[in-house]
Amino acid sequence: MNIGASTACFYPLETEQALKKVCELGFKKAEVFMNAPCELEDGFAGELDRIARDGGVDIVSVHPFSSFLESSCIFGDYQRRFNDYIGLYQKTCHAAAIMGARYVVIHGAVAAPKIPIPDERYFERFKMLIDIGRAEGVTVCQENVNRFKSQSMEFCKKMRSALGSDYNMVFDIKQTVRAGEDTFAFLQEFKNEIRHLHISDNGTMGDCLPIGKGSFDFNRLKQIMESADYKGDAVIEIYSSNYDVFKELKESKVYLEGLWQR
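Notes on the structure in this doc start here. (Residues numbered from 1 in each chain as written. Predicted model: local features only at pLDDT ≥ 70, side-chain atom pairs only at ≥ 80, totals over all residues. Heavy atoms only, no water.)

A few points about helix α6 (residues 153–163)
Within the span of α6, buried status applies to M153, F155, C156, M159, R160 and L163. Relative to the axis of α6, the buried residues are bounded by an arc of 155° and lie together on one face. What points out from α6, more than 90 degrees from its buried face, is the exposed set E154 and S161. Elements in contact with the buried residues of α6: α5 (119–136), β5 (139–143), β6 (169–172) and α8 (183–190). One side-chain oxygen of the residue at the start of α6 lies 3.2 Å from the amide nitrogen of E154, identifying that residue as S152. A positive backbone phi angle near 60° is found at G164, which sits one or two residues after α6. (Buried < 20%, exposed > 50% of the residue type's maximum accessible area, 1.4 Å probe, protein only. Helix = DSSP H or I, 4+ residues; strand = E, 2+ residues; numbered from the N terminus. Arc of directions from axis to C-beta. Contact = heavy atoms within 4.5 Å. Polar contact = N/O pair within 3.5 Å; in protein donor to acceptor, adjacent residues only side chain to side chain.)

Details of the environment of A96
Mapped onto the elements, A96 comes out in helix α4 (residues 79–98). Spatially, the C-alpha atom of A96 lies 9.1 Å from that of G133, the residues being 37 residues apart in sequence. Discounting residues that sit within four places of it in the chain, A96 has contacts with V62, A101, V104 and V138.

Structural notes on the pairing of strand β1 (residues 2–6)
Within β1, four of the five residues are buried, leaving the element largely enclosed by the surrounding structure. As paired strands, β1 and strand β10 (residues 233–236) are joined by four bridges and run parallel to one another. Paired with G4 across the strands is V235, a residue of β10. When β1 meets strand β2 (residues 29–33), the two strands line up parallel, connected through three bridges. (Pairing = 2+ DSSP bridges.)

Focus: the pattern of salt bridges
Oppositely charged side chains can pair when the atoms bearing their charge come close. Scanning the entire structure with this criterion turns up 25 salt bridges. A salt bridge links D58 to K29, with the shortest nitrogen-to-oxygen separation between them at 2.8 Å. You can see D58 sitting in strand β3 (residues 58–63) and its partner K29 sitting in strand β2, a full 29 residues away along the chain. Judged by relative accessible area, D58 falls into the partly exposed class, the value being 23%. Two residues, E154 and K157, come together in a salt bridge whose shortest N-O distance is 3.3 Å. Pair noted here: E154 and K157 are both in helix α6, with a separation of three residues, about one helical turn. Taking the relative accessible area as the measure of exposure, E154 reaches 53% and is therefore exposed. Through salt bridges with shared partners, one network takes in K29, D58, R102 and D233. (Salt bridge = Lys/Arg side-chain N within 4 Å of Asp/Glu carboxyl O.)

What follows is the structure, given as structure tokens:
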């Protein structure tokens, strides 16, 4: 599978500058994490597309900045608030289409909101997001996220049952570790629905380490995904507050390429 990097690795560097860093490191795939409403405008999305094309990078996915709003503004019980905020996701999917991205990544609702969110409403609203993405030619995916409903394998199974073939997942290794889930059981269960991987290492030194700095079995990951004829990408996502991220991404890329190309 192809290896990429997320612009989130360089946060809070401006999004366009972070994308230039991904290009400079020689990655051929990228996830773009949008960080402000102005970045959803056509002109800005077009500039990101130009930077990626000039750098030989394929933008695989787009992550909206508005994840913190989703519990109350997308999946909450106040219809007028939903009507006002759904436009952010229309703009996100349109920006993704301008950049040629195939996926938009959604966190969803927190696991324990102050006002409970019925699963049925969650699935209904998520289907609306899927339809918005489909109109733009992009696939809206549920990411497994610690402290969110999607941290639970059982919730994701229920969501898959409700959405059928419309259910697609972005799988993040560190989120299963943080949630106390079995990473490989989760992968095995959803290997046919996973469209995109967020990868990092983990071990005694932490749950979001540069590749090769922990004890995670990346060959086992690769074997599980190849058993499902996975054609997607693996995007490295670590955070700049913890590392010299440029150096660590460069070393992570070399390590993983060496491991997977033996």
